[in-house]
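Descriptive analysis of the structure
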Amino acid sequence: MTAPIVSTEPATDEEIARIAIGDVDAALTRARNAFPDWAARGTDARIAILRRFADEVRDDAEDFAMLIARETGKPFWEAKTEVSAVVAKVEISVKAHEERTGTRALDGAATGALRHKPHGVMAVLGPYNFPAHLPNGHIVPALIAGNVVIFKPSEKTPAVGQRLVEYYHRAGVPTDVVQFLPGGAEEGRALTGDARIDGVLFTGSSTTGIAINKALADRPGIITALEMGGNNPLIVWDTDDLDAAATIIVQSAYTTAGQRCTAARRLIVRDDLHDALMERLLPMVDRIIVGAPFDEPQPFMGPVIDNHAADGLISAYDALVAKGARVVCPLCRVAEGKPMLTPAILDVTDVADRPDDELFGPLLQIIRVADLDAAINAANDTAYGLSASLVGGSRADYERFWQLSRAGIVNWNKPTNGASSAAPFGGTGLSGNHRPGAYYAADYCSYPVTSTEADTPEAAIPVGLKD
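For the structure given in this document, a descriptive report is provided here. (Residues numbered from 1 in each chain as written. Predicted model: local features only at pLDDT ≥ 70, side-chain atom pairs only at ≥ 80, totals over all residues. Heavy atoms only, no water.)

For the rest of this paragraph, the subject is the overall build of the chain. Broken down by element type, the chain carries 14 helices and 21 strands. Computed over the C-alpha atoms, the radius of gyration of the chain is 24 Å, within 12% of the 23 Å expected from 2.2 N^0.38 for a compact globule of 467 residues. The C-alpha extent of the chain, read off along each of the three principal axes, is 90 × 60 × 40 Å. Burial status across the chain gives 55% buried among its 467 residues. In the chain, the share of contacts with a sequence separation of at least 24, taken over all contacts with a separation of at least 6, comes to 72%. Separation between the mean location of the 43 positive side-chain charges and that of the 61 negative ones in the chain comes to 3 Å. (Helix = DSSP H or I, 4+ residues; strand = E, 2+ residues; numbered from the N terminus. Rg over C-alpha atoms; globule rule 2.2 N^0.38 Å. Buried < 20%, exposed > 50% of the residue type's maximum accessible area, 1.4 Å probe, protein only. Contact = heavy atoms within 4.5 Å. Lys, Arg positive; Asp, Glu negative; His and termini not counted. Charge placed at Lys NZ, Arg CZ, Asp CG, Glu CD.)

Among the 5 residues of strand E9 (residues 223-227), 5 are classified as buried, and the element is accordingly described as predominantly covered. Burial along E9 is two-sided: the face carrying Ile223, Ala225 and Glu227 and the face carrying Thr224 and Leu226 are both buried.

In space, the 3 strands of this open sheet follow the order E3-E4-E21, with antiparallel pairing throughout. Of all strands in the sheet, those with a lone pairing partner are strand E3 (104-105) and strand E21 (446-452), marking the two edges. In this structure, E3 lies alongside strand E4 (residues 112-118), joined through 2 bridges in antiparallel fashion. Opposite Ala105, over in E4, you have Ala113 as the bridge partner. (Pairing = 2+ DSSP bridges.)

In total, this model carries 28 salt bridges according to the counting rule given. Among the ionic pairs, Arg163 bridges to Glu166, the shortest N-O distance being 4.0 Å. Taken together, the residues Arg163 and Glu166, both in helix H6 (residues 158-171) and 3 residues apart, mark about one turn of the helix. Arg163 sits in the buried class, given a relative accessible area of 18%. With a relative accessible area of 32%, Glu166 lands in the partly exposed category. With a shortest N-O distance of 2.0 Å, Asp238 and Arg270 are connected by a salt bridge. Here the residue Asp238 occupies a position in the loop between strand E10 (232-236) and helix H9 (242-254), and Arg270 occupies one in strand E11 (residues 264-270), the gap between them amounting to 32 residues. One salt-bridge network, in which partners are shared between bridges, spans Asp60, Asp63, Arg163, Glu166 and Arg170. (Salt bridge = Lys/Arg side-chain N within 4 Å of Asp/Glu carboxyl O.)

In the contact formed by helix H2 (residues 43-59) and helix H4 (residues 76-100), the axes pass within 8 Å of each other and the chain directions differ by 165°. Taken together, the axes of H2 and H4 are roughly antiparallel relative to one another. Both H2 and H4 take part in a crossing whose hand is left-handed. Two secondary-structure elements touch here, H2 through Thr43, Ile47, Leu50, Arg51, Phe53, Ala54, Val57 and Arg58 and H4 through Val83, Val86, Val87, Val90, Glu91, Val94 and His97. Considering only residue class, the contact of H2 with H4 consists of 10 nonpolar, 2 polar and 3 charged. (Axes fitted to C-alpha atoms, helices over the stretch in contact; angles between N-to-C directions. Parallel < 35°, antiparallel > 145°, perpendicular 65-115°, else oblique. Left-handed = near helix turned anticlockwise from the far one by under 90°. Nonpolar A, V, L, I, M, F, W, Y, C, P; charged D, E, K, R; others polar.)

Pasting the structure below:
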């Protein structure tokens, strides 16, 4: 018998839940049987149920936020913002569905129409950093469009995934229309590789996303949306407000303990501005409170997801130091045996062959450059392309940065993270496959069908026939 998934709190290592591994074959059978009825219900009926889902989450917001905080380790204040995003996603998705997948006559003619159809059975694979908000960003628009969903959460955050599905069921979504499928990599491969799947909606590492893409390479009919993170640059250029710049850096690099796909991994700064910026940044970094989710005062950063992740970050940090990186702020465990890490900074300017890795945690790398062209080149020196930000500079500098940046999110005087659900979300290269989510999730949750129509058969061949 397969061992259950055991969910534990990163901050305390206390057990939250033991959850049995799901049955992929049974889930797929139920989903295929449930699809025709759900698709036939009509958009208005489905939207009404999803609005009840938002009410269910809203009514249980405090308890849900507590569970998110416990299972991810993120501060309670931040878990509350995730719950708010889950609730807000419904109305955003309703608007996006109407705007991007509506029905209309073609060229104003009554005989031509454009409509959209759901794909069918969608596999949603969620991450651990936002275990409710990010999969919900796939599930809600998929359901509105008429699809059915099998949701496999990260094996590191199954309890949040289970609770999220419970809210759908309480609201009236049939149990076979949204299914909770706990499991690990084996279950993920079995689910996404099954012939009964019509779509795969994934958020997670580039390694897993590439594996999914390869597995589906000979099945072009499977809609695949991949959001795979980034090695995101933040450039600080001409600015008199170094306090604001330092704040933006801290927000970009250390929110969610650096466990955001849009987190700043690389700080690119003009050489002659570096020392003055460090005078403002380092005292702020030193003030960051690292602690458990419910500590008082509330921490800015909680732990990373587990000790395995913490060990990997420390190994990557040590490897950079061994290559010649200069330690500005060390990466250390706050408590022995716990995955709580201090916010770290390494100057890697003189490191040759810097690895182009998404180091998913509170580790920021500084690169000093001479001019803006060098800064933009350094920003683009990555196979990823999710988020990039310029702090300071003129409007002309920003326009140049925007034009040359290879990223799906390009900001000015704002953090690299904190993207709006009311905008498209996605990147290029190893960051995604040009299927942006958030507001544009409606695009991959249904497909357009064009029709030419008449009430009775009408046809004529005016030329080319013998008398």
